[in-house]
Amino acid sequence: MQPLATDISVAVIGAGAMGSGIAQVAAQAGHRVFLLDQREGAAEAGRQNVARQLQRRVDKGKLEQSVLDELLDRIQPVSELNELAEAGLVIEAIVEDLDIKRTLLANLEDVCDEKAILATNTSSISVTALGANMKHPERLVGMHFFNPAPLMALVEVIKGLATSDEVAQSVYATAVQWGKKPVTATSTPGFIVNRVARPFYAESLRLLQEQATDSATLDAILREAGSFRMGPFELTDLIGHDVNYAVTFSVFNAYYQDSRFLPSLVQKELVEAGRLGRKSGQGFYSYAEGAQKPEPATAEAASSDADALIVEGNPGPLAALVTRLRESGLNVIERDGPGRLCFGDAVLALTDGRMATERASSEACNNLILLDLAFDYAKASRLAIAAANQASAQAVNDACALLQKAGIAVSQISDRPGLVVMRTVATLANEAADAVLHGVASISDIDLAMKAGLNYPEGPLRWSDNLGLSLLHTVLTHIQHSYGEDRYRPALLLRKNRFAEQGFYS
């Protein structure tokens, strides 16, 4: 299917940050764009916002003034719906309200040519529900951009139950033509990103509520060990807690209150207190003038009398950490064993989803210190550890000293199942696997969506293949056993692939 020709006009309804951003994207691609907003003067203000944003690039020498002038000439503010009659693609980016959007779409059917494509930028409302009262619901498709639209590469193309393949394919091809990375999804709650990403926020919010550590430390662990661009508390402060909580609550209710999507009481308190994040000046962090962000909890410099690292058996994902320690000058001795590291009094092992205290008891290893997952142990600048209650102070000291020899900052958290990064990655992969099972999107589109839409260091399904589904299945099973909750049940597809000894991509 060919993209829309550039001589076909595009209309954008809603001239806020998202709508004006979409108008900019279409104009940059060469289309004439009609920009409409019911608020007096808002469409012109949206155009001026595009001008201000791009003028900065002109001032820095990154864009020619003539190019900016031509682009702005292609954006035409309008005030009446009937002025959109010639548009071949109309994208609504108005308030997230089912009834208001339905009314608008019904009016557009009366105004626009019958061949015009009608698209909704909704982030959470069912495309099928939006099209239910339309005369021709086959012409309606979701075209979900991410904010800021000119910068974010991802566009979710969402097919409602009645959306024609030709319409979806045309919008997909047009998004590619506009320089975006589109993915295709079915009209299910949260689509791809707003569904699969829920554990990224939910698990850290739960760890915070359980007093595993503080928000600054959790953010630092996920950034510096997990290689996520932002930690969950930084990100929700940026998004706005009212918005993030509302999406979580919407997905939770849409899935008949499945515990996997359970909203957080911690975030609910912030919303009720009006601490919405950056836009209100206070969220998990203060954004008042002169406010300083709290530092993550970091273990003090430690020293140890141990002179060698003993590697017992196959260290699995910790192999890169062993190499890093060897390259730091540490003497490494390898021998048979259960796959763990010994240094002084400390016995270190990668978390398998059990609490260190439980695992120490089960394996008769009192000085057990569990290590969290890192995206790349060769480059991680921080790692989380959790010590068994039975572990001695010397064992904790030796564990910290070992990691510090490799230049790694250590954050000790309270003993919780799955620690931080491992728990987050396992639940993200689990949700992604469930989305594949239910036909929401393909394996590759889900991974692309999470990388292009949220800047994840790796797609959760590719990441799980790299770690091995056996490990993730074990982690999820142990976390589920620890809490006794269905929230952590391994997805059926993940479980099947684990026992078939194959990955998602193999």
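In this report, the structure presented in the accompanying data block is examined.

Criteria and cut-off values
Residues numbered from 1 in each chain as written. Predicted model: local features only at pLDDT ≥ 70, side-chain atom pairs only at ≥ 80, totals over all residues. Heavy atoms only, no water. 1 Å grid on protein atoms, 1.4 Å probe; cavity = no way out; pocket = protein on both sides within 12 Å on 5 of 7 lines; lining within 4 Å. Points joined across faces, edges and corners; volume = space filled by probe spheres on them. Helix = DSSP H or I, 4+ residues; strand = E, 2+ residues; numbered from the N terminus. Pairing = 2+ DSSP bridges. Axes fitted to C-alpha atoms, helices over the stretch in contact; angles between N-to-C directions. Contact = heavy atoms within 4.5 Å. Expected span 1.5 Å × (residues − 1). Buried < 20%, exposed > 50% of the residue type's maximum accessible area, 1.4 Å probe, protein only. Lys, Arg positive; Asp, Glu negative; His and termini not counted. Salt bridge = Lys/Arg side-chain N within 4 Å of Asp/Glu carboxyl O.

1. Some details on empty space enclosed by the protein
Then step 1. Counted by the stated rule, this structure contains one cavity of 30 Å³ or more.
Then step 2. Here the largest cavity is characterised by a volume of approximately 100 Å³.
Then step 3. Taken together, Arg198, Pro199, Ala202, Glu203, Arg260, Phe261, Thr427, Asn430, Glu431, Arg487 and Tyr488 form the lining of the largest cavity.
Then step 4. Element by element, the count of residues in the lining of the largest cavity is highest for helix α8 (residues 198–209), at four residues.

2. What to know about the sheet that holds strand β13 (residues 368–371)
Then step 1. What the seven strands build is an open sheet, ordered β10-β9-β11-β12-β13-β14-β15; its pairing is mixed. Unpaired on one side and paired on the other, β10 (331–335) and β15 (409–412) mark the two borders of the sheet. Across the sheet, the axes of successive neighbouring strands diverge by a mean angle of 30 degrees, strand direction being ignored.
Then step 2. Here strand β9 (residues 308–312) runs beside strand β11 (residues 340–343); their pairing, made up of three bridges, is antiparallel. Within β11, the residue paired with Glu312 across the bridge is Arg340.
Then step 3. Contacts between helix α15 (residues 393–405) and the sheet are confined to β9, β11, β12 (346–350), β13, β14 (382–387) and β15, with β12 contributing the most and set at about 60 degrees to the helix.

3. Observations concerning helix α2 (residues 42–59)
Then step 1. For α2, with 18 residues, the first-to-last C-alpha span of 25 Å sits near the 26 Å given by 1.5 Å per residue.
Then step 2. Those residues of α2 not exposed but buried are Ala42, Ala43, Gly46, Arg47, Val50, Ala51, Leu54 and Val58.
Then step 3. The inward-facing, buried residues of α2 contact α1 (17–28), β2 (33–36), α3 (65–74) and β3 (75–78).
Then step 4. Of the residues one or two after α2, Gly61 is the one with positive phi, at around 80 degrees.

4. Notes on the side chain of Asp445
Then step 1. Turning to its location among the elements, Asp445 is positioned in helix α17 (residues 443–454).
Then step 2. Of the side chains with opposite charge, Lys159 lies nearest to the buried Asp445, which makes no salt bridge, at 11 Å.
Then step 3. What Asp445 contacts, discounting residues up to four positions off in sequence, is Val183, Thr184 and Ile192.

5. Thoughts on unusual backbone geometry
Peptide bonds are mostly trans, and most non-glycine residues show a negative phi.
Then step 1. The omega angle of the peptide bond from Asn147 to Pro148 is 0 degrees, so this bond is cis rather than trans.
Then step 2. Even without being a glycine, Phe191 presents a positive backbone phi close to 55 degrees.
Then step 3. Secondary-structure assignment places Phe191 in the loop between β8 (181–186) and α7 (193–196).
Then step 4. Accessibility expressed as a relative area gives 1% for Phe191, which makes it buried.
Then step 5. Located in the positive-phi region is Ser227, a residue other than glycine, with phi close to 65 degrees.
Then step 6. As for its placement among the helices and strands, Ser227 is situated in the loop between α9 (215–224) and α10 (232–239).

6. Regarding the sheet that holds β8
Then step 1. Taken in spatial order, the eight strands make up an open sheet running β3-β2-β1-β4-β5-β6-β7-β8, and their pairing is mixed. Among the strands making up the open sheet, the edge pair consists of β3 and β8. Adjacent strand axes in the sheet meet at a mean angle of 25 degrees when their direction is disregarded.
Then step 2. Pairing of strand β6 (residues 140–145) with strand β7 (residues 154–159), which is carried by four bridges, proceeds in the antiparallel orientation. Each residue of the ladder has a partner; that of His144, found in β7, is Glu156.
Then step 3. With respect to the sheet, helix α6 (residues 165–177) is in contact with β5 (117–120), β6, β7 and β8, its orientation differing from that of β7 by roughly 175 degrees.

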